[in-house]
Amino acid sequence: MSSRSKSDAVPRTTWLSPVMGVALACLLSFPAAISLGETTFHVSVDGRDDHPGTEDQPFRSVSRAQQVVRSVLKKTPDAPVTVVIHPGTYWLDKPLTFTPADSGSAEATVTYRAAESGTAILSGGIPIEGWQKGGVWYAQVDAVDQGKLYFHQLFVNGRRAQ
């Protein structure tokens, strides 16, 4: 028989308590490093604005991504956010305006960037279709005829027409 009585036995939890206390203190000291990962949204010309903005189900427009980023910043202002804009031309029907509501912080940046491959173009122009060749090339643009649209520059195949 052992010479120790039950009252002399060292409880196993005695050495765990200080370790658990240190671990808990570390977890509470660094909550941002543990709980706040970067949020990434994707935009694609093949996406839809009712999608969640994932790589597999991207948004269709940069303005939709901007709305969602603003919502995320209100809920978790300390989490960095990136919006990846995949290759293609994004026709903007109104100006895309960034305000302080779109800003992050030094620790939690907000980044809009093109995808690694290809070219992403944000265009405030409108495509003109229905070109015909007479003595010169021409196209009917009803909004111009109605006085709703005015333009001063024309680009053909990405180059300013002279």
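Residues numbered from 1 in each chain as written. Predicted model: local features only at pLDDT ≥ 70, side-chain atom pairs only at ≥ 80, totals over all residues. Heavy atoms only, no water.

Asker: Tell me what's going on with unusual backbone geometry, and back it up with residues and numbers.
Answerer: Positive phi values are uncommon outside glycine, yet Asn157 reaches one of about 50°. Relative to the helices and strands, Asn157 resides in the loop between β8 (155–156) and β9 (159–160). The exposure class assigned to Asn157 is exposed, which follows from its relative accessible area of 77%. (Helix = DSSP H or I, 4+ residues; strand = E, 2+ residues; numbered from the N terminus. Buried < 20%, exposed > 50% of the residue type's maximum accessible area, 1.4 Å probe, protein only.)

Asker: So, the sheet that holds strand β2 (residues 81–85): which residues are in play, and what are the values?
Answerer: On the basis of which strands lie adjacent, the open sheet formed by three strands has the order β1-β2-β4 and parallel pairing. At either margin of the open sheet sits one strand with a lone partner, and together these are β1 (39–43) and β4 (110–114). Within the sheet, the average angular offset between the axes of one strand and its neighbour, ignoring direction, is 20°. Relative to β4, β2 runs parallel, the two sharing five bridges. Bridge assignment links Thr82 to a residue of β4, and that residue is Thr111. (Pairing = 2+ DSSP bridges. Axes fitted to C-alpha atoms, helices over the stretch in contact; angles between N-to-C directions.)

Asker: Could you give me a rundown of the pattern of salt bridges, with the residues and numbers involved?
Answerer: On inspection of all chains with the given rule, the structure shows three salt bridges. In this structure, Asp50 engages Arg48 in a salt bridge whose closest nitrogen and oxygen atoms are separated by 2.5 Å. With a relative accessible area of 57%, Asp50 lands in the exposed category. What makes Arg48 partly exposed here is its relative accessible area of 46%. Close ionic contact of Glu116 with Arg113 constitutes a salt bridge, the shortest N to O distance being 3.6 Å. On the accessibility criterion, Glu116 (75% relative accessible area) is exposed. A relative accessible area of 33% means that Arg113 is categorised as partly exposed. (Salt bridge = Lys/Arg side-chain N within 4 Å of Asp/Glu carboxyl O.)

Asker: Tell me about the layout of surface pockets, and name the residues and values.
Answerer: Looking at the largest pocket, its volume works out to about 730 Å³. Along the wall of the largest pocket there are 21 residues; nearest its centre are Trp91, Ser123, Gly125, Ile126 and Phe155. When grouped by side-chain class, the residues that make up the lining of the largest pocket number 13 nonpolar, eight polar and no charged. As for the second largest pocket, its lining consists of 15 residues, of which Ser61, Ser63, Asp93, Lys94 and Leu96 are closest to the centre. Residue assignment for the lining of the second largest pocket shows that the elements contributing at least two residues are α3 (62–75) and β3 (88–91). For the lining of the second largest pocket, the element with the most residues is α3, which contributes five residues. (1 Å grid on protein atoms, 1.4 Å probe; cavity = no way out; pocket = protein on both sides within 12 Å on 5 of 7 lines; lining within 4 Å. Points joined across faces, edges and corners; volume = space filled by probe spheres on them. Nonpolar A, V, L, I, M, F, W, Y, C, P; charged D, E, K, R; others polar.)

Asker: How would you sum up α3? Please name residues and give values.
Answerer: An ideal rise of 1.5 Å per residue puts 20 Å on 14 residues; α3 measures up with 20 Å between its terminal C-alpha atoms. Here α3 has its buried residues at Val62, Ala65, Gln66, Val68, Val69, Val72 and Leu73. Where α3 is buried, its residues contact β1, β2, β4 and β5 (120–123). (Expected span 1.5 Å × (residues − 1). Contact = heavy atoms within 4.5 Å.)

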